[in-house]
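This is what each chain is made of:
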Amino acid sequence: MSGKRIIKSIYPALILVVLYVVITTLRSVKVLNGYYIQVLMFASINIIMTSSLNLVNGFTGQFCIGHAGFMSLGAYGASVITSMVFKNAPAGATIPVYLLGLFIGGCVAAFFGLLIGIPSLKLKGDYLAIVTLAFGEIVRALLRLMKPIGGARGMIGIPMISNLGWIFLFLGIVLYALRNLIYSPFGRAFIAIRDNEIAADAMGINTTFYKITSFVIAAFIAGLAGGLYAHVVGFIQPDSFSFTKSSDFLVYLYAGGSGSLTGSIVGATLLTILPEILRFLSEWRLVIYAIILVVVMIYRSEGLVGGKELPFLRITRKDLYGGTLPQASSAGGKEET
Amino acid sequence: MSFLEITNLSIRFGGLVAVDDFNLSLEKGELVAIIGPNGAGKTTIFNMLTGIYKPTTGSIVLDGENMVGLKPYQFARKGITRTFQNIRLFSNATVADNVKIAHTMHNNQNLAKCMIRTPGMRKSEVELDRRVIELLDKLGLADKADFLAKNLPYGDQRRLEIARALMTEPKILLLDEPVAGMITTELEDMARLVPQIRRDFDVSIILIEHHMNFVMPIADRIKVLDFGKTISEGTPEYVQKDPKVIEAYLGGGYTQNGTA
Ligand SMILES: Nc1ncnc2c1ncn2[C@@H]1O[C@H](COP(=O)(O)OP(=O)(O)OP(=O)(O)O)[C@@H](O)[C@H]1O
Ligand SMILES: [Mg+2]
């Protein structure tokens, strides 16, 4: 492997590291206050949420509209682990317990993803929208009834372990894994289902299996994001994950551009930060925000990045061969025949 | 028993019997054409042979195994793949990816390996890419490997459909009007390509086509369909002279030379 190639393969991680160093430096010299850092953490969590939703809606061509439901399952799953099950863990175990919590949160969300994915993904696309919408609301209603984990008032005193470092780390891992997945036989099967389900089926692709796979992976990642979120704010309640929350992710996805990870990054980042910038407008804030969205969708219906992808978020045929395509052995083979 | 044994295949849509008592014994390496006027039921036969429609009655037996009731993807896995009359490519994927997608069922890299992109997984991707380019080269599409499928000219799209079907490694290839809408030179290319595919890929081919000129020189046998019924079958020479065929074609507004 050449030096150039090594650099190429690690520079996306480098970007995150540099970004992290710059931000923490700015924070320590008091240019950025805690509020900015928190907005950045929310933006990153929203990128994770949006890109996982993108896997299902953008790359697999399904229509899931209850993604906050999976986020809440992850948030509760992780919080139960860190602030109930291992409440009295020794100080040294804080991080392992936190990581375990995030993992369990993801698994809980994935399990429910499987549970509702199997029946609904066998049916035609529109059913998924309705089922996921209902699912999000059912989860919220049930959590409200579960007194041991706080009921409608929610859980408080969750250790606030998630910091920018952890969140950037998971953001990096999630984007890397998703990119790898999309440029693999799995991702190609997802895209085939999106572009032409009948043809995908006719080419030997078990469409139900791949739809469920995509859905469960997305649910796991959303659960992970929920866990990260709970440990930023230290307090969660069922109503934090209502349909309004789900629709935020849909907006980030389509405004940024579905079917592109870059779109999810751009959409989630800009639209997390924008309402904060517009705070000076007080009551008018949401009106202006909505108007900006309408304008974007009218003039760029493909989303802001419109299907394009940053170099490190895609894998071209050239990349397979480390930068240069092999010379075709018999270019123009058609004439030879 | 033949390699593919289709017996008394019929399908009914409400009052319409779209295919009535269709029979075909296909041997390994054989090339059989199905011809007939519009609406004769040709595509409907392919839809039954690929699991998209379930026949009302009759059986499809491939290599001794009953196929009726299987799902479309299972037909492909057992070795029957097709092209579509109304082209169905993965239009927002590249030409190379369209072909790679057809290799999914042979993929042996699991989810974890794909997400981590292990060295083994990378190697298998490179190998797959080489094979795909080789295949595209045979169909004259190698230089367009990175084009989006939707940006290909019509004739290339038809050839890409064939490349994609071949990548599934079929035993039986079903071609639904592979030269529809093609210009004469493309048609001549295809007339050379189809027999070459049969030889190089060791497949049996069932071919639906309106163009008599295209079918006659390459088919071993021809079945003629009209209103769902088989009205004639035999060698191209025989079928061509059969009065029933001439009548069906003239009655349907056809000339012997091709499309209406
Ligand atoms: N799903 C369906 N429901 C109802 N009728 C159908 C269905 N599929 C096909 N048919 C009917 O079956 C008949 C045969 O159609 P088919 O598409 O097989 O014809 P074809 O021989 O392929 O014609 P063409 O040369 O135009 O492609 C037509 O009358 C068509 O309308
Ligand atoms: Mg047809």
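Residues numbered from 1 in each chain as written. Chains lettered and ligands numbered in written order. Predicted model: local features only at pLDDT ≥ 70, side-chain atom pairs only at ≥ 80, totals over all residues. Heavy atoms only, no water.

## Quick word on the overall build of chain A
Move 1: Within chain A, the secondary structure is distributed over 14 helices and two strands.
Move 2: The C-alpha radius of gyration of chain A comes to 21 Å, within 12% of the 20 Å expected for a compact globule of 337 residues.
Move 3: Seen along its three principal axes, the alpha-carbon backbone of chain A occupies a region of about 75 × 50 × 45 Å.
Move 4: Considering only contacts in chain A between residues 6 or more positions apart, those separated by 24 or more positions represent 80%.
Move 5: For chain A, the exposed area adds up to about 15,300 Å²; of that, 69% sits on carbon and sulfur atoms. (Helix = DSSP H or I, 4+ residues; strand = E, 2+ residues; numbered from the N terminus. Rg over C-alpha atoms; globule rule 2.2 N^0.38 Å. Contact = heavy atoms within 4.5 Å. Areas by Shrake-Rupley, 256 points an atom, 1.4 Å probe, with all protein chains shown as cover.)

## A look at the overall build of chain B
Move 1: A count of helical and extended segments in chain B gives 10 helices and 10 strands.
Move 2: Here chain B has a C-alpha radius of gyration of 19 Å; the compact-globule value for 260 residues is 18 Å, and the two agree.
Move 3: Its C-alpha atoms give chain B principal-axis dimensions of about 65 × 40 × 30 Å.
Move 4: Residue pairs in contact within chain B that sit at least 24 positions apart in sequence constitute 69% of those at least 6 positions apart.
Move 5: Taken as a whole, chain B presents about 10,800 Å² of accessible surface, with 51% of it coming from carbon and sulfur.
Move 6: Distance from the positive charge centre (31 side chains) to the negative charge centre (32 side chains) of chain B: 6 Å. (Lys, Arg positive; Asp, Glu negative; His and termini not counted. Charge placed at Lys NZ, Arg CZ, Asp CG, Glu CD.)

## Overview of the coordination of the magnesium ion (ligand 2)
All names here are of chain B.
Move 1: Distances from the magnesium ion (ligand 2) to its protein donors, namely Thr 43 (OG1) and Gln 85 (OE1), fall within the range 1.9 to 2.1 Å. Taken together, the residues span a long stretch of sequence, with Thr 43 in helix 1 (residues 42-49) and Gln 85 in the loop between strand 6 (80-82) and helix 3 (95-101) at a distance of 42 residues.
Move 2: Judged by relative accessible area, which is 31%, Gln 85 ranks as partly exposed. (Donors = N, O, S within 2.8 Å, 3.2 Å for Na, K, Ca; no water. Buried < 20%, exposed > 50% of the residue type's maximum accessible area, 1.4 Å probe, protein only.)

## Focus on the pattern of salt bridges
Move 1: Applying the stated criterion across every chain yields a total of 20 salt bridges over all chains.
Move 2: In this structure, B:Arg221 and B:Glu30 form a salt bridge, with 2.9 Å as the shortest nitrogen-oxygen distance. Taken as a pair, B:Arg221 in strand 9 (residues 221-226) and B:Glu30 in the loop between strand 2 (16-26) and strand 3 (31-35) lie far apart in primary sequence, 191 residues in all.
Move 3: You can call B:Arg221 partly exposed: its relative accessible area is 24%.
Move 4: The class for B:Glu30 is buried, based on a relative accessible area of 13%.
Move 5: Among the ionic contacts, a cluster of salt bridges with common partners joins A:Glu137, A:Arg140, A:Arg144 and A:Asp239. (Salt bridge = Lys/Arg side-chain N within 4 Å of Asp/Glu carboxyl O.)

## Examining the packing of aromatic side chains
Move 1: One pass over the full model with this rule turns up 16 aromatic pairs over all chains.
Move 2: Taking the centre distance of 4.8 Å and the plane angle of 35° together, the rings of A:Phe70 and A:Phe135 count as tilted. With A:Phe70 in helix 3 (residues 67-85) and A:Phe135 in helix 5 (residues 125-145), this residue pair connects regions lying 65 residues apart in the sequence. This pair shows no difference in class: A:Phe70 is buried, exactly as A:Phe135 is.
Move 3: These aromatic residues form a ring-pair network of at least three members: A:Phe186, A:Phe190, A:Phe209 and A:Tyr210.
Move 4: The ring of B:Phe84 carries B:Arg88 above its face, with NZ or CZ at 5.5 Å from the centroid.
Move 5: Here B:Lys223 stacks its cationic end above the ring of B:Phe22, 5.1 Å away from the centre of that ring. (Phe/Tyr/Trp six-rings, centres within 6.5 Å; stacked < 30°, edge-to-face > 60°. Lys NZ or Arg CZ within 6 Å of the ring centre and 35° of its normal.)

## As for the side chain of A:Thr272
Residue and element names in this part refer to chain A.
Move 1: Residue placement: Thr 272 occurs in helix 11 (residues 261-277).
Move 2: We classify Thr 272 as buried; its relative accessible area is 9%.
Move 3: Thr 272 has contacts with Val 39, Phe 42, Ala 43, Asn 46 and Tyr 252, leaving out every residue within four places of it along the chain.

## Some words on the confidence of the model for chain B
Residue and element names in this part refer to chain B.
Move 1: Per-residue confidence for chain B gives a mean pLDDT of 92, with 96% of residues at or over 70.
Move 2: For chain B, helix 10 (residues 243-251) is the element with the lowest average pLDDT, namely 79, and helix 3 is the one with the highest, namely 98.
Move 3: Taken as a whole, residues 253-260 scores under 50 in pLDDT and shows 17 contacts with residues more than four places along the chain or in a different chain. (pLDDT = per-residue confidence, 0-100.)

## Overview of the interface of chain A and chain B
Move 1: Counting from both sides, the interface comprises 38 residues of chain A and, opposite them, 47 residues of chain B.
Move 2: For the pair chain A and chain B, the summed buried surface comes to about 3,600 Å²; carbon and sulfur atoms form 59% of the total.
Move 3: In this structure, B:Glu125 engages A:Arg188 in a salt bridge whose closest nitrogen and oxygen atoms are separated by 3.0 Å.
Move 4: For the pair chain A and chain B, the number of links is 12 residue pairs in polar contact (both at pLDDT 80 or more).
Move 5: If you list the elements that add at least two residues to the side of chain A that touches chain B, you get helix 6 (164-182), helix 7 (185-195), helix 8 (197-202), helix 9 (207-233), helix 13 (317-320) and helix 14 (333-336) of chain A.
Move 6: Looking at the side of chain A that touches chain B element by element, the count peaks at eight residues for helix 7 of chain A.
Move 7: By residue class, the composition of the side of chain A that touches chain B is 21 nonpolar, nine polar and eight charged. (Buried area = accessible area lost by both parts, 1.4 Å probe. Polar contact = N/O pair within 3.5 Å; in protein donor to acceptor, adjacent residues only side chain to side chain. Nonpolar A, V, L, I, M, F, W, Y, C, P; charged D, E, K, R; others polar.)

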